[in-house]
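Observations on the model geometry
One letter stands for each residue in the lines below.
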Amino acid sequence: MEGKVYTAVGSPNIALVKYWGKRDEKRILPHNSSISITLSLPLYTKTSILFSKKLRKDEIYINGMKQDLDDREARERFSTIDKFREMAKSKTKALVVSYNSFPSSAGIASSASGAATLAFVASKALGLSMSQREMSIMARQISGSACRSLFGGFVKWEKGTRRDGSDSYARQIADENHWPALVNLIAIVSKSKKHISSRAGMKQTVGTSSLYKSRPGYAETASARLERAIRARDFETLAEITMKDSNSMHATMLDTWPPILYMNDVSRRIVLRIHELNENAGKTIAAYTFDAGPNAHIITLNKHKKKVLNAVSSVSGVIEVLESRPGRGPRLVADREGHLIDRETAKPIVGRPRGKR
Ligand code: PMV
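Residues numbered from 1 in each chain as written. Predicted model: local features only at pLDDT ≥ 70, side-chain atom pairs only at ≥ 80, totals over all residues. Heavy atoms only, no water.

A few words now on the site of the ligand. Lining the immediate environment of the ligand, one finds 14 residues, of which Tyr 19, Ser 143, Ser 145, Arg 148 and Ser 198 sit closest. Contact between the ligand and Gly 144: an oxygen atom at 3.4 Å from a main-chain N or O atom of the residue. Burial of the ligand by the surrounding chains reaches 96%, relative to a free accessible area of 380 Å². Of the residues in the shell around the ligand, the class split is six nonpolar, five polar and three charged. (Near = heavy atom within 4 Å. Polar contact = N/O pair within 3.5 Å; in protein donor to acceptor, adjacent residues only side chain to side chain. Areas by Shrake-Rupley, 256 points an atom, 1.4 Å probe, with all protein chains shown as cover. Nonpolar A, V, L, I, M, F, W, Y, C, P; charged D, E, K, R; others polar.)

Here is the structure:
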């Protein structure tokens, strides 16, 4: 492992039943189970890692920016590298260089994609033989929702009940080929950073929102129903659960003190446009969902894509619409696909990475 660069690509996920609120801050244990779809191109994270005796301390670069590991939140997130080292009985420092193909901190789960890819590539680089489930437990401790990105397709994060978190992990409901007709359109309405991180925001919600008290029970029931709808490829049920759950999470955010407002006027215009579209169609042909940001994820079926794309693109304030589908979990890339670290100098390679997802 010493001196060899390992590189992996992984993907973000979009939650249809959301995780928002922890019962244990340190271990990152959620109040409710959640379900997501792991996404495909054009969204991916590419991460290279090098464990080398030449390094005097850990260095982490994300999209060309060196991370300040003296910052408490960053230190907490990346302390997981220490856990991997402990497991491998290694003290060697690491250089991590990561690149997202999409805007970070704007509600496209860049932290989930980054953390899942990091957990995956670090375990491979240290030669640890870990199951996907074990990796998902490690990724969960970097960024909760990341545990779901260890698998492709449709994924459930079981909240678990044990205090040590050993039963709070992700499992695949169905792989990326289960429902080929499903499409995820992402309407980008802003590329700016969110006003409060999801970590800080959800803590504030749990602490101050009286509405939140009813959310864990609601979301747990919704998760069980959604799992059945995914297995049965029941689009209408999936769509209704997805929209209601997004609204439920954002309602608790608004009920937080001081309020958390991730959705903006363009997001709300998209919500209204989708309801109008469904009403005119006489059935549910599209569903919206919003994470911790104003960008909309619209779930629809191939046969309705054109219509939905036209409707969403014409909402005033929509900058661009990306298209993605259920995608695969993380994988190692071959040398010829390009690394983000120069092995000889143990330095990041600057510039946009080459190679494909
Ligand atoms: O894992 P975090 O801390 O990035 O929290 C993400 C929470 C949401 O994206 C808003 C919902 C979810 O389940 O992904």
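Our focus in this paragraph is the pattern of salt bridges. Should the charged atoms of two oppositely charged side chains come close, the side chains can pair. The final tally for this structure, using the stated rule, is 15 salt bridges. A salt bridge links Lys 244 to Glu 240, with the nearest nitrogen and oxygen atoms 2.7 Å apart. One end of the pair is Lys 244 and the other is Glu 240, both in helix H7 (residues 235-254) and four residues apart, which spans about a single turn. Of the residues examined, Lys 244 reaches a relative accessible area of 44% and is grouped as partly exposed. Its salt-bridge partner being Arg 325, residue Glu 323 comes within 3.0 Å of it at the nearest N-O pair. For Glu 323, a relative accessible area of 30% translates into the label partly exposed. A residue is classified by how much of its surface remains accessible, and Arg 325, at 24% relative accessible area, is partly exposed. Salt bridges here are not isolated pairs; linked through shared partners, they connect Lys 156, Glu 158, Arg 171, Glu 227 and Arg 231. (Salt bridge = Lys/Arg side-chain N within 4 Å of Asp/Glu carboxyl O. Helix = DSSP H or I, 4+ residues; strand = E, 2+ residues; numbered from the N terminus. Buried < 20%, exposed > 50% of the residue type's maximum accessible area, 1.4 Å probe, protein only.)

Bringing the side chain of Ser 324 into the picture now. Summarising the element assignment, Ser 324 is placed in strand E15 (residues 320-324). Beyond its immediate sequence surroundings of up to four residues, Ser 324 is in contact with Leu 39, Ser 40, Leu 41, Pro 42, Leu 43, Val 183 and Asn 184. (Contact = heavy atoms within 4.5 Å.)

A separate point is the packing of aromatic side chains. The final tally for this structure, using the stated rule, is four aromatic pairs. Taken together, a centroid distance of 6.1 Å and an interplanar angle of 85° make the contact between Trp 20 and Tyr 262 edge-to-face. Residue Trp 20 is located in the loop between strand E2 (13-17) and strand E3 (22-24), and its partner Tyr 262 is located in the loop between H7 and helix H8 (265-281); the two are separated by 242 residues in the primary sequence. Its guanidinium or amino end placed over the ring of Tyr 6, Lys 4 lies 4.6 Å from that ring's centre, counting from NZ or CZ. (Phe/Tyr/Trp six-rings, centres within 6.5 Å; stacked < 30°, edge-to-face > 60°. Lys NZ or Arg CZ within 6 Å of the ring centre and 35° of its normal.)

These figures capture arrangement, not role.
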